[in-house]
Number of protein chains: 2
Amino acid sequence: MADSQIADSEITRLLRVGPGVDLAAIDTSATPGFDGDKAAGEAALAEGAQEVADLQEQLFAASRGGDTRNVLLVLQAMDTAGKGGIVKHVVGSVDPQGVSIAAFKRPTPEEEAHDFLWRIRKRLPAPGMIGVFDRSHYEAVLIHRVRGLSTPEEVESRYPVIVDFEKEVVAAGTKVIKVMLHISREEQKARLAERLERPDKHWKYNPGDVDERAYWDDYMDAYRVAIERTSTDDAPWYVIPADRKWYARLAVHTLLLDALRSLKLEWPVAEFDVEVEKKRLAAT
Amino acid sequence: MADSQIADSEITRLLRVGPGVDLAAIDTSATPGFDGDKAAGEAALAEGAQEVADLQEQLFAASRGGDTRNVLLVLQAMDTAGKGGIVKHVVGSVDPQGVSIAAFKRPTPEEEAHDFLWRIRKRLPAPGMIGVFDRSHYEAVLIHRVRGLSTPEEVESRYPVIVDFEKEVVAAGTKVIKVMLHISREEQKARLAERLERPDKHWKYNPGDVDERAYWDDYMDAYRVAIERTSTDDAPWYVIPADRKWYARLAVHTLLLDALRSLKLEWPVAEFDVEVEKKRLAAT
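Bear in mind the structure is a predicted one, so any value in this text is a computation, not a measurement. (Residues numbered from 1 in each chain as written. Chains lettered and ligands numbered in written order. Predicted model: local features only at pLDDT ≥ 70, side-chain atom pairs only at ≥ 80, totals over all residues. Heavy atoms only, no water.)

A. The sheet that holds strand β4 (residues 130-134) of chain B, seen in detail. Residue and element names in this part refer to chain B. Taken together, the six strands give an open sheet; going across it, the order is β1-β6-β5-β2-β4-β3, and neighbouring strands pair in mixed fashion. Here the strands that pair on one side only, and so sit at the sheet edges, are β1 (16-17) and β3 (99-103). In this structure, strand β2 (residues 70-77) lies alongside strand β5 (residues 174-182), joined through eight bridges in parallel fashion. By the bridge assignment, Gln76 is partnered in β5 with Met180. (Pairing = 2+ DSSP bridges. Helix = DSSP H or I, 4+ residues; strand = E, 2+ residues; numbered from the N terminus.)

B. Spatial organisation of the UniProt feature "domain: Polyphosphate kinase-2-related" (unreviewed entry) in chain A. Per the UniProt record, "domain: Polyphosphate kinase-2-related" (unreviewed entry) is annotated on residues 37-262 of chain A. Along residues 37-262 of chain A one finds 52% helix and 14% strand; the C-alpha atoms at either end are 28 Å apart. (UniProt positions renumbered as here; feature names shortened; annotations may be inferred.)

C. Spatial organisation of the relation of the copies chain B and chain A. For the pair chain B and chain A, the superposition axis carries a translation of 0.0 Å, the fit reaches an RMSD of 0.0 Å, and the rotation angle comes to 180 degrees. Here the symmetry operator amounts to a two-fold rotation axis. Among all residues of chain B, the minimum C-alpha distance to the rotation axis is found for Pro96 of chain B, at 3.2 Å. Here 100% of the contact residues of chain B are again contact residues in chain A; the copies associate through an equivalent surface. (Least-squares fit on C-alpha atoms with pLDDT ≥ 70 in both. Contact = heavy atoms within 4.5 Å.)

D. Seen up close, the interface of chain B and chain A. Across the contact, 41 residues belong to chain B and 41 residues belong to chain A. Interface area for chain B against chain A, summed over the two sides, is near 3,900 Å², with a carbon-plus-sulfur share of 65%. Put simply, Lys278 of chain A and Glu197 of chain B hold a salt bridge, and the shortest N to O gap is 3.3 Å. At the boundary of chain B with chain A, the tally comes to 16 residue pairs in polar contact (both at pLDDT 80 or more). (Buried area = accessible area lost by both parts, 1.4 Å probe. Salt bridge = Lys/Arg side-chain N within 4 Å of Asp/Glu carboxyl O. Polar contact = N/O pair within 3.5 Å; in protein donor to acceptor, adjacent residues only side chain to side chain.)

E. Structural view of the pairing of strand β4 (residues 130-134) of chain A. Residue and element names in this part refer to chain A. With respect to burial, β4 is a largely interior element, five of its five residues being buried. The two faces of β4 match: Ile130, Val132 and Asp134 on one face and Gly131 and Phe133 on the other face are all buried. Pairing of strand β2 (residues 70-77) with β4 involves five bridges; the strand directions are parallel. Residue Leu72 lies in a different strand from β4, and its bridge partner there is Gly131. (Buried < 20%, exposed > 50% of the residue type's maximum accessible area, 1.4 Å probe, protein only.)

F. Focus on the packing of aromatic side chains. Taken as a whole and assessed by the stated rule, the structure comprises 12 aromatic pairs over all chains. Here Phe60 of chain A and Trp203 of chain B contribute two aromatic rings whose centre-to-centre distance is 5.9 Å and whose plane-to-plane angle is 75 degrees, an arrangement assigned as edge-to-face. Placement of the pair is Phe60 of chain A in helix α2 (residues 38-64) and Trp203 of chain B in the loop between α8 (185-197) and α9 (207-212), with the two residues belonging to separate chains. Overall, the relative accessible area of 19% leaves Phe60 of chain A in the buried class. Note on Phe272 of chain A and Tyr205 of chain B: the rings are 4.8 Å apart at their centroids and 55 degrees apart in plane angle, and the pair reads as tilted. Taken together, the residues span two chains, with Phe272 of chain A in the loop between α11 (245-262) and α12 (274-282) and Tyr205 of chain B in the loop between α8 and α9. The structure contains a cluster of three or more aromatic residues connected by ring pairs, namely Phe34, Trp246 and Tyr247 of chain A. Above the face of the Phe116 of chain A ring, Arg158 of chain A is positioned so that its terminal group lies 5.1 Å from the ring centre. (Phe/Tyr/Trp six-rings, centres within 6.5 Å; stacked < 30°, edge-to-face > 60°. Lys NZ or Arg CZ within 6 Å of the ring centre and 35° of its normal.)

G. Summary view of the pattern of salt bridges. All names here are of chain B. All chains considered together, the criterion is met by 41 salt bridges over all chains. In this structure, the salt-bridge partner of Arg261 is Glu51, at a minimum N-O distance of 2.8 Å. One end of the pair, Arg261, is in helix α11 (residues 245-262); the other, Glu51, is in helix α2 (residues 38-64), with 210 residues separating them in the sequence. Between Asp67 and Arg69 there is a salt bridge; the shortest N-O distance is 3.0 Å. For the residue pair Asp67 and Arg69, the accessibility class agrees, reading buried in each case.

H. Structural detail: the sheet that holds β4 of chain A. Pairing in this open sheet of six strands is mixed, and the strands run β1-β6-β5-β2-β4-β3 (chain A) from one edge to the other. Edge positions in the sheet fall to β1 (16-17) and β3 (99-103) of chain A, since each of these pairs with one other strand and no more.

I. Examining the packing of α12 of chain A against α8 of chain B more closely. At a minimum axis distance of 10 Å, the contact between α12 of chain A and α8 of chain B shows a crossing angle of 170 degrees. Here α8 of chain B runs roughly antiparallel to α12 of chain A, going by the angle between their axes. In this structure, α12 of chain A uses Val274, Glu277, Lys278, Leu281 and Ala282 of chain A to contact α8 of chain B, whose residues at the interface are Lys189, Leu192, Ala193, Leu196 and Glu197 of chain B. Looking at the contact of α12 of chain A with α8 of chain B residue by residue, the class counts come to six nonpolar, no polar and four charged. (Axes fitted to C-alpha atoms, helices over the stretch in contact; angles between N-to-C directions. Parallel < 35°, antiparallel > 145°, perpendicular 65-115°, else oblique. Nonpolar A, V, L, I, M, F, W, Y, C, P; charged D, E, K, R; others polar.)

J. The arrangement of the environment of Val179 of chain B in detail. Residue and element names in this part refer to chain B. On the secondary structure map, Val179 appears in strand β5. Sequence-wise, Val179 and Gln76 are 103 residues apart; in three dimensions their C-alpha atoms are separated by 6.1 Å. With residues up to four places along the chain from it excluded, the contact list for Val179 reads Leu73, Val74, Leu75, Gln76, Trp237, Tyr238, Ile240, Val252 and Leu255.

What follows is the structure in structure tokens.
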């Protein structure tokens, strides 16, 4: 493994955030690091899809040779921000055998009886896989903080626990990409309205989503604090302007591509004697 | 739900087998039910991919409305027959959030301590999902029979257990599609040779695969008996000539499409008052 670093793409560098992030100051309809329009963005995504798929195959192959590395994409967002579209259109270009998706909904009674990381640990991706968390352990400091599902002291105690947990995950060989898809309150309204207009989208609509809109500013504050307290060099946060779905998809694709490239993957070397095997096979 | 049946495609009807199947008499390079060449086959697959993806979304949506139905594709085959390619190129066209893939490898000690269906039951797909079993409970009557991993009495006892199990799964709302990808012994040799020629394919090669070739006829007999003993109207077997990868993919795609069409899916009706919700949303 060479020591030299592979440079991140401009999109990746521009979207990385840390302590002091001002979410209200971010233009949710911007396209940082990309000059083109929607058609150009979709073309760039289509063009890069094969490289992600190829690198994932190499990652998987490496795991068969004992390499324990993998990638974990953590997706957090307000409702309608497009998590599902990211999984379908970005992760969907990878061989599904190399992907493990965990959607964390309201915890079951069994899950609630354990600490908040219990159900998360069980869904960490295996070596060679691209894991996707659709929501994650961050719910324990987002909705729990906003809606008082835990006491302020409990919520407060979780930030350092999350930092330690992610440090452990990274040390075990996981490349962690934490993404907040960032839409405006107005864009969410338009998207909810569209779900109400279209009978084929009614199943995606939940009356509770409207109630949550009253807490928008509280959620933004909870995201700000979470980013403030859990941004580390090893497990950085990326805030992705997501009013334009095509840009958000291209951006997450780029994060994934940079993460995979940084692993400098190579095909594993055969642990058998190729010439011997050719002869054995020929004799059958 | 209408009572009328949706007719299966010709490919589906031609590939369905039952007791009395003569595997040696099946031409593994044939393309039953399809006249075209490779290019035409690939075009037909590409053309049908969107319908599978759309129907899966409807299946998923229905599950949110309480529909418990789902689909389970069971893939069995000799090594190199193309299970992985089926998952990548056929199942891969579906939103990965609607797919659950379970690869059953050599059982762990914990799994071996339980009955052979224990690990299988744990991986049955949830409502709304397309489940894929890459190998399955059938290993307990295939490799176990051929390599003596269980006694003949144990193997014999499993066929009726499998029939009962599948009956229960079907009764719970699962459309079960059992597939044997059928390649010739010569085609397997050519595919293993290719893996040895290409360093980027070495990781897929296992010296044990050559040893297994000595048991080819025993495996074919084990498949014959399994099909004989476990073919039912509700959980039929399909034997797919698989020397031509493009045909095998088109065939499994067609089985999946027919299965999904037979469910006569419709978008679930909203359980909320759409006009009330529009007003509530507008007020936010």
